[in-house]
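Descriptive structure summary
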Amino acid sequence: MTRIRERGIRVVGDVHGDLNAFRHATATERFVIQLGDLVDHGPDSAGVLELMIDLIDTRRGLFILGNHDRKLGRALEGRRLRRDPPLEETLRQLSDPEYDTLRQRAYEEIADAPVWVRLGNSLFVHGGFHTAMLSLPPMTGLGDMSAPLSRALFGETTGRMQPDGYPERRLSWINRIPEGMTVYVGHDRRSTDGRPWRRTGRLGGTAVFTDLGAGKGGHLAWIDINDP
């Protein structure tokens, strides 16, 4: 893509409805790759979706499907989901007459969103890396679950729940990233110093965690890349 070659990439972490921060992050000539979870928790998920669609329409960006985006997409399909107050608030915003056309367009973009994107030695995914991502073409994420799709959306879980009600996650997938490759992820808030968290695995590959809690009391992170 010409814009990436000439101006580079801006990788943006989980937004979670923080429209003000997302406006700042996307005020760039770089091509924006947003790592998923555009919606829920923050004050203006509808506004975030509207801005993301504008980036798509003007060929200035794309988003990777996150687990919250998938949940919204399935709700917009009419599927019955368990009670989820953040999702319910997003759906309430989208029911506003101001957003009559946004609801359908948001569904279409969620249905078409890639679950991962690889550019050179960089791989962009919401939850975590799976070795199948090196050989499979990028897939969309509203259909049946598979091992690569589960890893892409949710990372790697132990099957146990933490006291806060969220699944316990492990990071052994980092050890399977090949040397020379960098995997940019969101989803898992690991930073302790307010900056993206980097970890190198046993094979020499690197994971960069960009979720700094936007929409949940933290802030939005982005990273500029000149040569992916």
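For the structure given in this document, a descriptive report is provided here. (Residues numbered from 1 in each chain as written. Predicted model: local features only at pLDDT ≥ 70, side-chain atom pairs only at ≥ 80, totals over all residues. Heavy atoms only, no water.)

Turning our attention to the packing of helix α4 (residues 67-76) against helix α5 (residues 85-94). Helix-helix packing is described using two parameters, namely the angle between the two axes and the distance between the axes. Contact geometry of α4 with α5 gives a least axis separation of 11 Å together with a crossing angle of 55°. Compared by their axis directions, α4 and α5 come out oblique. In this structure, α4 meets α5 at a crossing whose hand is right-handed. Residues Lys 71, Leu 72, Ala 75 and Leu 76 of α4 touch α5, and the partners they reach there are Leu 87, Thr 90, Leu 91 and Leu 94. In terms of residue class, the contact of α4 with α5 is built from six nonpolar, one polar and one charged. (Axes fitted to C-alpha atoms, helices over the stretch in contact; angles between N-to-C directions. Helix = DSSP H or I, 4+ residues; strand = E, 2+ residues; numbered from the N terminus. Parallel < 35°, antiparallel > 145°, perpendicular 65-115°, else oblique. Left-handed = near helix turned anticlockwise from the far one by under 90°. Contact = heavy atoms within 4.5 Å. Nonpolar A, V, L, I, M, F, W, Y, C, P; charged D, E, K, R; others polar.)

Here five strands make up an open sheet; going across it, the order is β4-β5-β8-β10-β9 and the pairing mixed. Only two strands of the sheet have a single neighbouring strand rather than two, namely β4 (116-119) and β9 (197-200). Geometrically, the sheet is characterised by an average inter-axis angle of 15° between neighbouring strands, direction not taken into account. By the bridge criterion, four bridges tie strand β8 (residues 182-185) to strand β10 (residues 206-209) in an arrangement that is parallel. Bridge assignment links Tyr 184 to a residue of β10, and that residue is Val 208. (Pairing = 2+ DSSP bridges.)

A few words on the packing of helix α3 (residues 45-57) against helix α6 (residues 102-112). Running from amino to carboxyl end, α3 crosses α6 at an angle of 60°, the nearest separation of the two axes being 10 Å. As summarised for this structure, α3 and α6 are arranged oblique, according to the angle between their axes. The chirality of how α3 crosses α6 is left-handed. Across from Ala 46, Leu 49, Glu 50, Ile 53, Ile 56 and Asp 57 in α3, the residues of α6 making contact are Leu 102, Arg 105, Ala 106 and Glu 109. A per-class count over the contact of α3 with α6 returns six nonpolar, no polar and four charged.

Think of a sheet as strands paired side by side through backbone hydrogen bonds, with each pair either parallel or antiparallel. Spatially, the four strands line up as an open sheet ordered β3-β2-β1-β11, and their pairing is mixed. Looking at which strands have only one partner, the edges of the open sheet turn out to be β3 (61-63) and β11 (222-225). Neighbour to neighbour, the strand axes of the sheet diverge by 15° on average, direction disregarded. In this structure, strand β1 (residues 9-12) lies alongside strand β2 (residues 31-34), joined through four bridges in parallel fashion. Bridging from a neighbouring strand, Val 12 pairs with Gln 34 of β2. Against the sheet, α3 makes contact with β2 and β3, and its axis sits at roughly 130° relative to β3, the strand it touches most.

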